[in-house]
Every structure is written in C-alpha cells, then in structure tokens.
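Given next are the chains, with one letter for each unit.
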Amino acid sequence: MSSLTGYLLVSALIFSIGLAGALTRRSAILVLIGIELMLNAANLNFIAFWRYGPNAQALTGVMFAIFSIGIAAAEAAVGLGIVLAVYRHSKTTELDRMNSMKG
Amino acid sequence: MTATFLILAAITIAGTVATMAMRNLVHCVLALTLGFAGLAALYLQLGAQFVGLTQILVYVGAVAILAVFVIMMTQKPAQTTESIFSSFWLAGSLIAALVFAVLGWAIVSSSTSSRPLPPQAEAAVRPIGDALMHRFVLPLEIMGLLLTAALIGAVVVAMQEKRGTA
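Residues numbered from 1 in each chain as written. Chains lettered and ligands numbered in written order. Predicted model: local features only at pLDDT ≥ 70, side-chain atom pairs only at ≥ 80, totals over all residues. Heavy atoms only, no water.

### What to know about the overall build of chain B
When its secondary structure is counted, chain B shows six helices and zero strands. Mapped in sequence order, the helices and strands of chain B form the string α-α-α-α-α-α. Evaluated residue by residue, chain B yields a buried proportion of 32% over its 166 residues. Restricting the contact set of chain B to residue pairs at least 6 apart, pairs at least 24 apart contribute 60%. As displayed, chain B has an accessible area near 10,100 Å², and 75% of this comes from carbon and sulfur atoms. (Helix = DSSP H or I, 4+ residues; strand = E, 2+ residues; numbered from the N terminus. Buried < 20%, exposed > 50% of the residue type's maximum accessible area, 1.4 Å probe, protein only. Contact = heavy atoms within 4.5 Å. Areas by Shrake-Rupley, 256 points an atom, 1.4 Å probe, with all protein chains shown as cover.)

### Let's talk about the domain arrangement of chain B
The domains assigned to chain B are domain 1 (1-75) and domain 2 (124-161). Placing a centre on the C-alpha atoms of domain 1 of chain B and another on those of domain 2 of chain B gives a separation of 22 Å. (Domains from an automatic or database assignment.)

### What to know about the nonpolar core
With 61 residues, the main nonpolar core has A:Tyr7, A:Val10, A:Ile29, A:Leu44, A:Ile47, B:Leu42 and B:Val51 as its most contacted residues. Elements with a minimum of two residues in this core: helix H1 (3-24), helix H2 (28-52) and helix H3 (60-90) of chain A together with helix H1 (3-21), helix H2 (25-45), helix H3 (49-74), helix H5 (125-133) and helix H6 (137-158) of chain B. Broken down by element, this core gets its largest block of residues, 12 residues, from H2(A). Two domains each provide a minimum of three residues to this core, namely domain 1 (1-75) and domain 2 (124-161) of chain B. Discounting chain neighbours no more than four positions away, the residues touching B:Val51 are A:Ile47, A:Val62, A:Ala65, A:Ile66, A:Ile69 and B:Tyr43. By size, the runner-up hydrophobic cluster in this structure holds six residues, among which are A:Leu19, A:Ala20, A:Ala22 and A:Met38. (Core = buried A, V, L, I, M, F, W, Y, C linked by side-chain atoms within 4.5 Å.)

### Thoughts on the packing of aromatic side chains
Considering all chains together, one arrives at five aromatic pairs over all chains under this definition. Ring geometry for A:Phe46 versus A:Phe64: centroids 4.6 Å apart, planes at 15°, classification stacked. With A:Phe46 in helix H2 and A:Phe64 in helix H3, the pair connects residues that are 18 residues apart, well separated along the chain. Summarising the aromatic geometry, the rings of A:Phe67 and B:Phe136 are spaced 6.4 Å apart at their centres and angled 50° between planes, so their arrangement reads as tilted. (Phe/Tyr/Trp six-rings, centres within 6.5 Å; stacked < 30°, edge-to-face > 60°.)

This is how it looks when you write it as structure tokens:
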C-alpha cells in the first residue's frame, strides 16, 4: 500500500464521517459542520494528488484547495446566519422540529 | 506510509469522529478544531505550507469560532436527554457506510494510487503569490467579490428584523 493510497483512504473516511454526521445529527449546526468536513476531505484529495501528480510546478491542486477553502468559509458564514434566522422564528435548531414553512 | 502520517491520520480521524458523536455541541466544536488541526498538519507534511497555514487561520481560527458563537446564541441552558440523532439515523449511516465502501474499493483497486512519491515538490509562498497575481487573478477577484457578498448576505440574513416591516 503506497502513501498516496493512505492519504486517499483518510480523505474517504473523513468524507464518510462528515456525510454520516450531516445525514444523522439533529442539530442544524452539526449538519453544517458535517458539510465542512466533506469539503475538507475534498481539499485533502486535491493536495495529495498535487503532491503525487506529474506536474507539481503548475500548482493547480494548491490553487484549487485555496479557492475551495474560500468558498467553504463563505458557505459557513451564510449557513450559520440562516441557522440564526431560523432559530429566531422557530426557537429551535433541531431539524426534526423544523417542520412548518411559514414559521 | 511513515509513522508521522499514521499518527496525524489517527488524530484527524479521532477528532472528526468525536465531532459527530458527542452530545454537547461545544465539545463537538472543540473536537472539530482537533480534526482541522490534524488536517493542516497533513497538508504541511505533503509540502503545501501555505494551504496548511490557511487551513489553521480559516478553519481553526474563523469557522470554529463562528460555530461556537452560533451555538452559544441558540443553545438552551437545559440539556435535553433525548437522542442526538434524528429519526432516520439508520438510513443515514447506511448510506455513509456504502459511500465509504465504494470509495475505498475504488481507491484500493486503482492503479493510480500505487504511484511512487515524486521527489521535491514544494509549494513555497512566492510561486503561489505569483500564480495568484498572474494566472489566477480573475478567479481571485471573483473570490473576493463572493466573500464580500457572503459577508453582507450573512449579516442581512442574521440581522434582527424590525417590528412591523416583516
């Protein structure tokens, strides 16, 4: 088993943990954090493939990871803002209780 | 497959698993910072210093703090004893396990992943800055615009509505 396989397996495991969290947790904040974990797993893949790829001087994988981190930061800010807005209407952050559309 | 990689991978996985398994949300975010720091160390080990330090600045520094703020603003003081998992947790974990099985099978059986480590690939900060200012200058500007729009949008969405206007 080579080292790249190790990195890819770690990345797949982090992605699955994030997916499991996003699908099973009740708290909306934890669901957002699960989505962040999935984005991080993708970043680890970008960096690993850049490091083991044939043309490391082009820096494409690193650039992709940097832009992906920026997008993830914007997503986290807007997502947590929406959680706050929903909490103000329905007084809960638990997804099972958010079952009406006109608050 | 060095010892450092195994230790860092174990720290990262432990942090992420604890994030998704703990009851108290603040403890979840603390475990999440551990996972993010482990990921940053993995980036550093792969030779991507700038991405590793950006990971620490953005995720450990900003995203985790933001999550803690939202948790403190929304959590009720009385802790409930009901389950932390939603009613369809069985289907969710089954789907995640299936996804991991497919990904792991594809990774292990792929011929690409047996590639040896190429020598000396370092992403120093200077070439990254050059690339950001020349080849990737348009994506960089669009990213700045997106971040500004997201900042304003988050403030507008989370802002207290005035009475009578909504």
